[in-house]
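The primary structure of each chain is shown beneath.
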Amino acid sequence: MSIQFVAGKLKGEERKAIIQGVQRQLQEAVLGAIKPLLTEFCEAELTVKLGRGKREPRRVGGQAREIEWQCGHCGCRDANHFTRDGHYRRALETGWGHIEGLQVPMVECQCCGHDVVCTYTILEKHRRFWLDLAQQVLIGSGLCQSLRHLSEQWSAVLGSSVGLRTINERINQIAPLRKLARSESITDVPAVVQFDGIWLRVQTQTETVKLDKRGRKRKKRKGKKVVLLVALGLWTDGSGKREILDWQVADGESKAAWEPFVHRLWERGLRPEAGLQAVIRDGCGE
Ligand SMILES: [Zn+2]
Ligand SMILES: [Zn+2]
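Read on for a plain summary of the structure.

1. Brief notes about the packing of helix α5 (residues 143-158) against helix α6 (residues 164-173)
Move 1: Contact geometry for α5 and α6: axes closest at 10 Å, N-to-C directions at 170°. Judged on the interaxial angle alone, α6 and α5 are roughly antiparallel. Taken together, the residues of α6 that come into contact with α5 (itself represented by C144, L147, R148, S151 and S155) are L164, I167, N168, I171 and N172.
Move 2: Class assignment of the residues belonging to the contact of α5 with α6 gives a composition of five nonpolar, four polar and one charged.

This is the structure in C-alpha cells:
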C-alpha cells in the first residue's frame with residue numbers, strides 16, 4: 001500500500017473557513033473547561049457573603065450579619081438566616097461565547113423559606129472582565145494566563161481572596177489548549193488528507209504597562225506571527241465531507257514543527273491500511 005503525495009495549497013476563502021473552524025473547536029473546548037470554574041467562582045463568593053464555608057453551620061441567635069443580598073420575599077438581609085440550597089442551571093452570554101447549563105448556587109431565607117436574590121460578581125460583571133479576551137488571544141497565548149488574570153480582577157472587586165487559591169489550583173489543572181483540541185482516535189479515515197500551514201498575526205499582551213489615550217493603565221499589546229498547522233480530511237465517497245482532523249499553533253513551518261503533528265495523526269489512526277490514499281501538502285514543505 002502506498003500513499004500518493006500531491007502538491008497543493010488552500011485558497012483564501014477555504015483558509016478563512018478553516019480558521020473559523022479551528023476557532024469554533026477551540027471555543028467549545030474553552031467553554032467546556034471554564035463552565036465548572038464559573039460555578040467555583042460563585043461558590044467562593046457565596047462563602048464570602050455568608051461568612052462560612054459549605055459544611056460550616058450558621059450562627060443562630062447571634063449578632064446579625066447584614067449583607068447586600070436580600071430575600072426576594074421578606075427582605076431579610078441577615079446572612080445568618082440564609083442557607084445554601086442547591087443549584088439552578090442557567091445560560092450565560094460571555095465574551096467567549098454562549099454557555100448552556102451553568103450551575104449557579106441558590107440560597108434560601110430561613111425566615112420565610114423563599115429564595116434570596118444572589119448577584120454573583122463573576123456573572124454580573126463578566127462583560128467587563130472578559131471584553132478584551134479576543135479569540136486570537138486564545139490562540140496566541142495561554143488560556144490559563146487569561147483565567148488567572150480574571151481571578152485576580154474578581155478577587156479585587158470582591159475585596160476578598162477567599163477561595164482564590166482553590167480557583168487558581170483549578171485553573172492550573174486545565175489542560176493546555178493543545179490538549180483541549182481533538183485527541184481521540186480517528187475511526188472514519190478520509191481517503192485524502194490535506195496539510196496546510198496558515199500564517200496568522202495574533203495580538204498578545206505583554207507585561208509592560210502604558211497609558212492609553214484616556215490616561216488609563218493598559219498592558220501593551222504586541223503582534224506576533226504564528227502559523228496554524230492544519231490537517232484537513234477530504235472524503236471521496238461522494239459525500240463531499242470535509243473536516244478539520246487536527247491543528248496546532250507553531251512558530252514556523254519547519255520539518256521539526258510538522259513532524260510531531262503528522263506523527264500525532266498517525267498515532268490517532270490516519271494510516272493507509274485504514275483507508276488513507278493520498279496526501280496533499282503545500283509546496284514549501286520538505
Ligand atoms: Zn425571607
Ligand atoms: Zn431574617
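2. Topic: the environment of V48
Move 1: By secondary structure assignment, the location of V48 is in helix α1 (residues 12-50).
Move 2: Under the C-beta neighbour-count criterion, V48 is labelled partly exposed, with 18 such atoms within 10 Å.
Move 3: Each C-alpha atom, one on V48 and one on S161, is 8.9 Å from the other, the two residues being 113 residues apart in sequence.
Move 4: When sequence neighbours within four positions are dropped, the list of residues in contact with V48 reads L158, S160 and V162.

3. What to know about the environment of T121
Move 1: Tracing the backbone shows T121 in helix α2 (residues 121-124).
Move 2: Residue classification places T121 among the partly exposed positions, given that 18 C-beta atoms sit within 10 Å.
Move 3: In the structure, T121 is positioned 79 residues away from C42 in sequence and 7.9 Å away in space, judged by C-alpha atoms.
Move 4: In this structure T121 touches E45, W154, V157 and L158, once residues within four positions along its chain are discounted.

4. Brief notes about α5
Because an α-helix completes one turn every 3.6 residues, residues spaced three or four positions apart along the sequence face the same direction.
Move 1: Between the first and last C-alpha of α5 there are 23 Å, a value that for 16 residues agrees with the 22 Å anticipated at 1.5 Å per step.
Move 2: Directly after α5, the chain includes G159, whose backbone phi takes a positive value near 70°.

5. Overview of the environment of E100
Move 1: Relative to the helices and strands, E100 resides in strand β4 (residues 97-109).
Move 2: A tally of 10 C-beta atoms within 10 Å means that E100 is categorised as exposed.
Move 3: Considered as a pair, E100 and R89 are 11 residues apart in the sequence and their alpha carbons are 8.1 Å apart.

What counts and how
Residues numbered from 1 in each chain as written. Chains lettered and ligands numbered in written order. Predicted model: local features only at pLDDT ≥ 70, side-chain atom pairs only at ≥ 80, totals over all residues. Axes fitted to C-alpha atoms, helices over the stretch in contact; angles between N-to-C directions. Helix = DSSP H or I, 4+ residues; strand = E, 2+ residues; numbered from the N terminus. Parallel < 35°, antiparallel > 145°, perpendicular 65-115°, else oblique. Contact = placed C-beta atoms within 7 Å. Nonpolar A, V, L, I, M, F, W, Y, C, P; charged D, E, K, R; others polar. Buried ≥ 20, exposed ≤ 12 C-beta atoms within 10 Å, placed from the backbone. Expected span 1.5 Å × (residues − 1).

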